[in-house]
Amino acid sequence: DGMGESYRTMLHAKTSKDLSYVSDLNFPARSNHSGNNSNNGFPFDCIPSDLYEQARSNSFDWREAESVYVFEKKASTLDLRPVFKRFTPENSPPTLYNHGFENMDSAGALYSRASSHIFGDWNACGKVMGLAPWMQHSWKNTQGELLKPQGEARRIMWGSIYSEEEDSKFQIEKDVISGAPLISRMDSDLFDSRGNVISKRRYDFDESSDNTQKSIRSSTDNEEDTGDQEEKPRLPTKVALEAISLANRIQIDLEDVLLDFVKHFQEISGEENLCIAGGVG
């Protein structure tokens, strides 16, 4: 999911024969799936293929991003071997909170970056996923004006994770998830009539499509449901509509990239039983 072990740590343990630290580099080197005679000494297809050279010149390290394994369950053991691994550079000091995970360039880290941008929490990816389907919804305000997410046309990630070809390789564009985060926005519709900020209002909306309709408010366990308690539907704020557009964008991009990734390695391996692991997966 983009927050794996660092390459230099893995390499140091292997070259120093540190038996207390085991990683995928401990597997024997093999030929890669593309038919080349050499895989630069890696026991799996590796991107970037010149990782060793790049890691020597980078200020920070590289971390595991996406990996693929083939395994076979036997009577008393489980045979496992790595077939592919992509590393991504650490774009910020690893001493930062959570190793600066949301600043990395893996598919999972980019999704977490969108989560930080919307909710101020890199680990609120489930909320981003839940926000994305609201892209299909619309509302009307008291003036009868239509409120609807406008959508985000700029892609955040695209291409094939497993390719280094210029016209098909995995690419990213962080403009959409850079700058002032949505969680810090202070639009006028977040304030009450006295000028007080109502933090809950930022993303507090419901599915009622028309503000002229009324909905029955659910009673609590300590309240008697008289049937006459009503409240107006909660309409999305301006920043909520933008958050929906961003969530929908990152969700579409993630699905496009990872479905291509899974399909590719399913065809290569011939495996029918697939398992996707990781925080975003």
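Because the structure is a prediction, the values reported are computed rather than measured. (Residues numbered from 1 in each chain as written. Predicted model: local features only at pLDDT ≥ 70, side-chain atom pairs only at ≥ 80, totals over all residues. Heavy atoms only, no water.)

Draft legend 1. A look at the confidence of the model for the protein. When pLDDT is averaged along the protein, the result is 86, and 86% of the positions lie at 70 or above. Here strand 8 (residues 215–216) stands out as the element of the protein with the lowest mean pLDDT, 42, in contrast to strand 6 (residues 157–158), whose mean of 98 is the highest. A low-confidence stretch, residues 214–229 stays under pLDDT 50, and its non-local contacts, those more than four residues away or across chains, total 12 contacts. (pLDDT = per-residue confidence, 0-100. Helix = DSSP H or I, 4+ residues; strand = E, 2+ residues; numbered from the N terminus. Contact = heavy atoms within 4.5 Å.)

Draft legend 2. Broad picture of unusual backbone geometry. In this structure, the amide linkage connecting Ile47 to the following residue, Pro48, adopts the cis form with an omega of 0°. Considering the arrangement of structural elements, one finds Pro48 in the loop between strand 1 (45–47) and helix 2 (51–57). For Lys17, which is not glycine, the phi torsion reads 55° and is therefore positive. Tracing the sequence through the fold places Lys17 in the loop between helix 1 (7–15) and strand 1.

Draft legend 3. Structural context of the pairing of strand 3 (residues 78–89). Relative to strand 3, strand 1 runs parallel, the two being bridged by 3 bridges. Across the sheet, the residue bridging to Asp45 is Phe84, located in strand 3. With 11 bridges connecting them, strand 2 (residues 62–73) and strand 3 associate as antiparallel partners. Bridge pairing links Phe71 to Leu80 in strand 3. Connecting strand 2 to the antiparallel partner strand 3 that follows it, the hairpin turn spans 4 residues. (Pairing = 2+ DSSP bridges.)

Draft legend 4. Summary view of a negative patch on the surface. A cluster of acidic side chains, namely Asp50, Glu53, Glu164, Glu165 and Asp167, defines a negative patch on the protein surface. Here Glu164 is to be found in the loop between strand 6 and strand 7 (171–172). For Glu164, a relative accessible area of 41% puts it in the partly exposed group. (Patch = residues over 30% accessible without salt bridge, like charges linked within 9 Å, V, L, I, M, F, W, Y side chains within 5 Å. Areas by Shrake-Rupley, 256 points an atom, 1.4 Å probe, with all protein chains shown as cover. Salt bridge = Lys/Arg side-chain N within 4 Å of Asp/Glu carboxyl O. Lys, Arg positive; Asp, Glu negative; His and termini not counted. Charge placed at Lys NZ, Arg CZ, Asp CG, Glu CD. Buried < 20%, exposed > 50% of the residue type's maximum accessible area, 1.4 Å probe, protein only.)

Draft legend 5. Summary view of the packing of helix 3 (residues 107–119) against helix 5 (residues 238–269). With their axes 10 Å apart at the nearest point, helix 3 and helix 5 run at an angle of 175° to one another. By the angle between their directions, the pair helix 3 and helix 5 is classed as roughly antiparallel. On the side of helix 3, the interface is formed by Ala107, Leu110, Tyr111, Ala114, His117 and Ile118, while helix 5 contributes Ala243, Leu246, Ala247, Ile250, Gln251, Leu254 and Leu258. Tallied by class, the residues present in the contact of helix 3 with helix 5 amount to 11 nonpolar, 2 polar and no charged. (Axes fitted to C-alpha atoms, helices over the stretch in contact; angles between N-to-C directions. Parallel < 35°, antiparallel > 145°, perpendicular 65-115°, else oblique. Nonpolar A, V, L, I, M, F, W, Y, C, P; charged D, E, K, R; others polar.)

Draft legend 6. Summary view of the pattern of salt bridges. In the structure shown here, the tally under the stated rule is 15 salt bridges. The closest approach of N and O atoms between Asp24 and Lys85, which form a salt bridge, is 2.8 Å. Residue Asp24 is located in the loop between helix 1 and strand 1, and its partner Lys85 is located in strand 3; the two are separated by 61 residues in the primary sequence. Neither Asp24 nor Lys85 differs from the other in exposure class; each is buried. The shortest N-O distance in the salt bridge between Glu152 and Arg154 comes to 2.8 Å. In the salt-bridge network here, residues are joined through shared partners; they are Arg155, Arg249, Asp253 and Asp256.

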